[in-house]
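Observations on the model geometry
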Number of protein chains: 4
Amino acid sequence: MTLPDGTETPTATLSQLKEALDTVKDGKPEAPSPYTNGVARDQLRAFVERIERLEEEKKAIADDIKGVYSEAKGCGFDTKALRRVIALRKLDPDERAEQEAILDTYLVALGMMPEHG
Amino acid sequence: MTLPDGTETPTATLSQLKEALDTVKDGKPEAPSPYTNGVARDQLRAFVERIERLEEEKKAIADDIKGVYSEAKGCGFDTKALRRVIALRKLDPDERAEQEAILDTYLVALGMMPEHG
Amino acid sequence: MTLPDGTETPTATLSQLKEALDTVKDGKPEAPSPYTNGVARDQLRAFVERIERLEEEKKAIADDIKGVYSEAKGCGFDTKALRRVIALRKLDPDERAEQEAILDTYLVALGMMPEHG
Amino acid sequence: MTLPDGTETPTATLSQLKEALDTVKDGKPEAPSPYTNGVARDQLRAFVERIERLEEEKKAIADDIKGVYSEAKGCGFDTKALRRVIALRKLDPDERAEQEAILDTYLVALGMMPEHG
DNA sequence: ACGTATTTATACTCAC
DNA sequence: GTGAGTATAAATACGT
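What you see is a predicted model, and the numbers here were worked out from it, not measured in a lab. (Residues numbered from 1 in each chain as written. Chains lettered and ligands numbered in written order. Predicted model: local features only at pLDDT ≥ 70, side-chain atom pairs only at ≥ 80, totals over all residues. Heavy atoms only, no water.)

Here we come to the pattern of salt bridges. By the definition in use, this model includes 30 salt bridges over all chains. Residue Glu 55 of chain B pairs with Lys 90 of chain C through a salt bridge whose shortest N-O separation is 3.8 Å. Of the two residues, Glu 55 of chain B is situated in helix α2 (residues 38-74) and Lys 90 of chain C in helix α3 (residues 79-109); the pairing between them involves two chains. For Glu 55 of chain B, a relative accessible area of 24% gives the class partly exposed. Salt bridges linked by common partners bring Arg 41, Asp 42 and Arg 45 of chain B together as one network. (Salt bridge = Lys/Arg side-chain N within 4 Å of Asp/Glu carboxyl O. Helix = DSSP H or I, 4+ residues; strand = E, 2+ residues; numbered from the N terminus. Buried < 20%, exposed > 50% of the residue type's maximum accessible area, 1.4 Å probe, protein only.)

With that out of the way, let us pick up the relation of the copies chain D and chain B. Take chain D, turn it by 180°, move it 0.1 Å along the axis, and it overlays chain B with an RMSD of 0.2 Å. Here the copies are linked by what is in effect a two-fold axis. Residue by residue, 100% of the interface of chain D is reproduced at the interface of chain B, so both copies engage with the same surface. (Least-squares fit on C-alpha atoms with pLDDT ≥ 70 in both. Contact = heavy atoms within 4.5 Å.)

This next bit is on the protein's contact with DNA strand F. The immediate surroundings of DNA strand F are formed by Lys 66 and Arg 83 of chain A, Lys 58, Lys 80 and Arg 83 of chain B together with Lys 58, Arg 83 and Arg 84 of chain C. Sugar and phosphate atoms constitute 100% of the interface atoms of DNA strand F, taking the interface as everything within 4 Å of the protein. Here a phosphate oxygen of DNA strand F sits 2.8 Å away from a polar atom, N or O, in the side chain of Lys 58 of chain B. In the environment of DNA strand F, a phosphate oxygen lies 3.0 Å from a nitrogen or oxygen atom belonging to the side chain of Lys 80 of chain B. Within the residue set of the surface near DNA strand F, elements represented by two or more residues are α3 (79-90) of chain B together with α3 of chain C. (Near = heavy atom within 4 Å. Polar contact = N/O pair within 3.5 Å; in protein donor to acceptor, adjacent residues only side chain to side chain.)

With numbering aligned to this structure, UniProt lists the feature "domain: GapR-like DNA-binding" (unreviewed entry) at residues 40-111 of chain A. In the segment residues 40-111 of chain A, helix accounts for 92% and strand for 0%; the C-alpha atoms at its two ends are 51 Å apart. (UniProt positions renumbered as here; feature names shortened; annotations may be inferred.)

Across the boundary between the two partners, chain D contributes 37 residues, which contact 34 residues of chain A. Summing both partners gives a buried area of about 3500 Å² for chain D against chain A, and 73% of it is carried by carbon and sulfur. Considering only the side of chain D, the residues that lose the most area to chain A are Phe 47, Ile 51 and Phe 77 of chain D, jointly responsible for 18% of the buried surface there. Put simply, chain D and chain A have 6 salt bridges between them. When the shortest N-O distance is used, the salt bridge between Arg 89 of chain D and Glu 52 of chain A registers 2.6 Å. Seen at the junction of chain D and chain A, the total is 5 residue pairs in polar contact (both at pLDDT 80 or more). For the side of chain D that touches chain A, the elements supplying multiple residues, two or more each, are α1 (14-26), α2 (38-74) and α3 (79-90) of chain D. Here the residues of the side of chain D that touches chain A are counted per class, giving 22 nonpolar, 3 polar and 12 charged. (Buried area = accessible area lost by both parts, 1.4 Å probe. Nonpolar A, V, L, I, M, F, W, Y, C, P; charged D, E, K, R; others polar.)

What follows covers the packing of helix α4 (residues 93-109) of chain B against α3 of chain D. Following both chains from N to C, one finds α4 of chain B and α3 of chain D inclined at 55°, their axes separated by 9 Å at the closest point. Here α4 of chain B lies oblique to α3 of chain D, going by the angle between them. Like other packed secondary-structure pairs, α4 of chain B and α3 of chain D cross with a definite hand, here right-handed. Residue-level inspection shows Gln 99, Glu 100, Ile 102, Leu 103, Tyr 106 and Leu 107 of chain B of α4 of chain B in contact with α3 of chain D, the latter providing Lys 80, Ala 81, Leu 82, Arg 84, Val 85 and Leu 88 of chain D. Along the lines of polarity and charge, the residues of the contact of α4 of chain B with α3 of chain D split into 8 nonpolar, 1 polar and 3 charged. (Axes fitted to C-alpha atoms, helices over the stretch in contact; angles between N-to-C directions. Parallel < 35°, antiparallel > 145°, perpendicular 65-115°, else oblique. Left-handed = near helix turned anticlockwise from the far one by under 90°.)

Taken together, the 17 residues of chain D in the interface contact 17 residues of chain B. It is Arg 84, Leu 103 and Tyr 106 of chain D that lose the most area in chain D upon contact with chain B, and together they represent 32% of the buried surface on that side. Here chain D is connected to chain B by 2 salt bridges. Arg 84 of chain B is the salt-bridge partner of Glu 100 of chain D, the closest N and O atoms lying 3.1 Å from each other. There are 4 residue pairs in polar contact (both at pLDDT 80 or more) connecting chain D and chain B.

Let us look at the packing of aromatic side chains. One pass over the structure, following the stated rule, counts 6 aromatic pairs over all chains. Between Phe 77 of chain B and Phe 47 of chain C, the aromatic rings sit 5.8 Å apart at their centres with planes inclined by 75°, giving edge-to-face as the arrangement. On the criterion of chain membership, the pair formed by Phe 77 of chain B in the loop between α2 and α3 and Phe 47 of chain C in helix α2 (residues 37-74) is interchain, its members lying in two chains. Phe 47 of chain C sits in the buried class, given a relative accessible area of 5%. Centroid distance Phe 77 of chain B to Tyr 106 of chain D: 6.0 Å. Interplanar angle 70°. Geometry classified as edge-to-face. Here Tyr 106 of chain D lies in helix α4 (residues 93-109) and Phe 77 of chain B lies in the loop between α2 and α3, a pairing that spans two chains. Classification of Phe 77 of chain B by relative accessible area gives buried; the value is 3%. Taking NZ or CZ as reference, Arg 83 of chain B lies 4.0 Å from the ring centre of Tyr 69 of chain B, over its face. (Phe/Tyr/Trp six-rings, centres within 6.5 Å; stacked < 30°, edge-to-face > 60°. Lys NZ or Arg CZ within 6 Å of the ring centre and 35° of its normal.)

So, in structure tokens, the structure goes:
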């Protein structure tokens, strides 16, 4: 269930995991799947790198956002007010969708609308 | 998917439905329209009230918990560590060991941990 | 910063913590504060017990809520619809508060309202 | 706390303020009232737009990250462990050791861990 | 340094 | 059993 070496089951034991790890170490063994453990390790590294890369980008954008707030503050605007404006504008469409959704749900619950219509 | 009393409410209008919803919401008892079903409506209102009552109680307890953490913090304890302690006590030891084993496997695969450490 | 033995500082070191732990173990030492480490330990236990007790209560209530939803479902109501009703009723007051809050914030930001009025 | 152009907007009414807010919200350019300040309003709108643009980008990247986790899961990796790996790599080792030390201290104090384990 | 607010992570539920 | 949506918990960030 953990390392994609083909032996994973929902009830994979710790010993199976350690075996898989040893497999990575020794480069030896029963690797019954098309994937070798070395491949699994490389896959793991690749995923980690991709995630970390994306998180960097995300952080950069978050910093940009903070910068905009700082700039606005420097222009005399109240940051808290600005945040409220942003939040409200985000909330409004969501809430409209919510209203429509609850209405639809009720129409279905009352048998007045086909469940997949 | 009809109302629990078996009646199939016919083609009611949107506004009538909204009115029925408002009735639930505001707790106004009278909805004389032939399209609304009194029994179902009362049942619905009862369920809503019971749930809201329980959620209030739940919130009160949640606030109490926060209060205890605050008090602990005021006594010099590290809140974050406290939370981890509570969480660990909830986990059964096998499960916890399993999770740690998986984590270690990954850390070793990434060279973040000695293979026999 | 961690154990309330009077020595805690924002820069408390690991060694200080271990020392405190040893203090608990040996029952010996320099405990310059009115609190002994035994007291700290007992405090810790007391906090943990209080929190766990409250969390049990909270869980019991959460289970009650689930029970009500189940009961409603048994009566033919759509659980999802019920949840939407509850959510909407909760949302409404919050959103009204949000509206007023943003307005107040703007009044302050525009200099038309005292900041603490 | 006045608007950044120094003007002290006099006693505007609530409705005028709401109108100003709506102007920002809807992007309607004309607000001919003498009580609204065009420069400040345009600045405000520009800030809001920049922030919202950046938040969209941030959300897109967040979705990408979720996608990578999904992909990893599809390859048999344990998502939760992966997240912990990412988190651990972000922590500087000293800080991590410190946190673990505090946790261990508490665990020992509660008898959940041998004093020399 | 604090409490609060936002964001993130985990657990649970339902439908497919 | 997998995946999406929801709900709760935890962690972090922010302004005071």
